[in-house]
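Letter by letter, the chains look like this.
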Amino acid sequence: RQADAQRVQCLALHIVQRVKEALSVPVRLSNLQIRVDCAIGCALSASVRDDPDDVVRKAQAAVKIAKRSGKVEIYRNGVLKEAQRRFSIESRLRDALAHGHLTLAFQPLIHLQTGEVTGFQALALWDDPDLGKVPPVEFIAVAEESGLITSLGRWAAYEAAQTLSRWDAKFGQPLPVGVNVNLSPIQLHNPALPSLVHEVLITTGLSPARLELEITESALFKDYQRALDNLRRLKALGVRIAMDDFGTGFSSLSTLQSFPFDKIKIDKSFVENIH
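Computed from a predicted structure; not experimentally measured.

Draft legend 1. Spatial organisation of the environment of Asp-245. Relative to the elements of secondary structure, Asp-245 occurs in strand S10 (residues 240-246). By relative accessible area, Asp-245 is classed as partly exposed at 28%. Each C-alpha atom, one on Asp-245 and one on Asp-267, is 4.1 Å from the other, the two residues being 22 residues apart in sequence.

Draft legend 2. Spatial organisation of unusual backbone geometry. A positive phi is found at Ser-30, a non-glycine position, where the angle reads about 60°. Residue placement: Ser-30 occurs in the loop between strand S1 (27-29) and strand S2 (32-34). Residue class for Ser-30 comes out exposed when judged on its relative accessible area of 69%.

Draft legend 3. Just the nonpolar core, in detail. Phe-139, Leu-211, Leu-220, Leu-231 and Phe-261 are the most contacted members of the largest nonpolar core, which totals 48 residues. With nine residues, the single largest contributor to this core is helix H5 (residues 149-171). Other than its neighbours up to four places away in sequence, Leu-231 contacts Leu-188, Ile-215, Leu-220, Ile-241, Phe-259, Pro-260 and Phe-261.

Draft legend 4. Region of the structure containing the side chain of Asn-180. Mapping Asn-180 onto the fold places it in strand S8 (residues 178-182). For Asn-180, the side chain forms a polar contact with the side chain of Glu-214, separated by 2.9 Å. Excluding residues within four positions of it along the chain, Asn-180 makes contact with Leu-109, Phe-120, Gln-121, Ala-122, Glu-212, Glu-214 and Lys-263.

Basis of the calculations
Residues numbered from 1 in each chain as written. Predicted model: local features only at pLDDT ≥ 70, side-chain atom pairs only at ≥ 80, totals over all residues. Heavy atoms only, no water. Helix = DSSP H or I, 4+ residues; strand = E, 2+ residues; numbered from the N terminus. Buried < 20%, exposed > 50% of the residue type's maximum accessible area, 1.4 Å probe, protein only. Core = buried A, V, L, I, M, F, W, Y, C linked by side-chain atoms within 4.5 Å. Contact = heavy atoms within 4.5 Å. Polar contact = N/O pair within 3.5 Å; in protein donor to acceptor, adjacent residues only side chain to side chain.

Structure below.
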């Protein structure tokens, strides 16, 4: 029985390889060459008595994993439950964004020498009636995979800027604090990002110098030139730009000179053991 399962797996992988090779050939449309990316997930059935619908569901779950890993995935126990969880999060998150059910928490940034609050880190939080409190690391990953990250990022930028504007109005003058908002790799490489940020600043009346956008080191290298172009356009608006988690990827100090960063945040693994 084990030998039969191995033969089925080898046959499936052989078919997968042929499919990938066929899709790797660029398609010409007019004067453009189009490349098609694919994610492949497999569910193996060693018996004709297996429920076909169940096998298809398992294959779909494996495809979900393949989209994240970038490699062929074969269904394993627990994957279907994980895929169902992610589907529930995606569905509920879409509803939460449409009806304003997310909240933004403001973590204070404190100057260690003076003890003064110099700004805030904006963090999205979500407490769903059905799912309970969903960790940001979980729903942000689903948002990136499903394409909801653009809507989530737009909401977070507006909410952060509007909150500072409301505080200014309450105290009758601009406060000496700014706000930091995280950008995902998908947002960073979106050509519309600078226009969105400009729109946020104009609509809320927030001074550009009080908005700091944070990107992770790994986000830079998916499309180096697009990232650089967007960062330069953002800098031209007057906002501040920070690199987060420096030291966890492949950046060198010489590489950083090409990017218009105002701040580099060293990953905690480099400083957590300092006394």
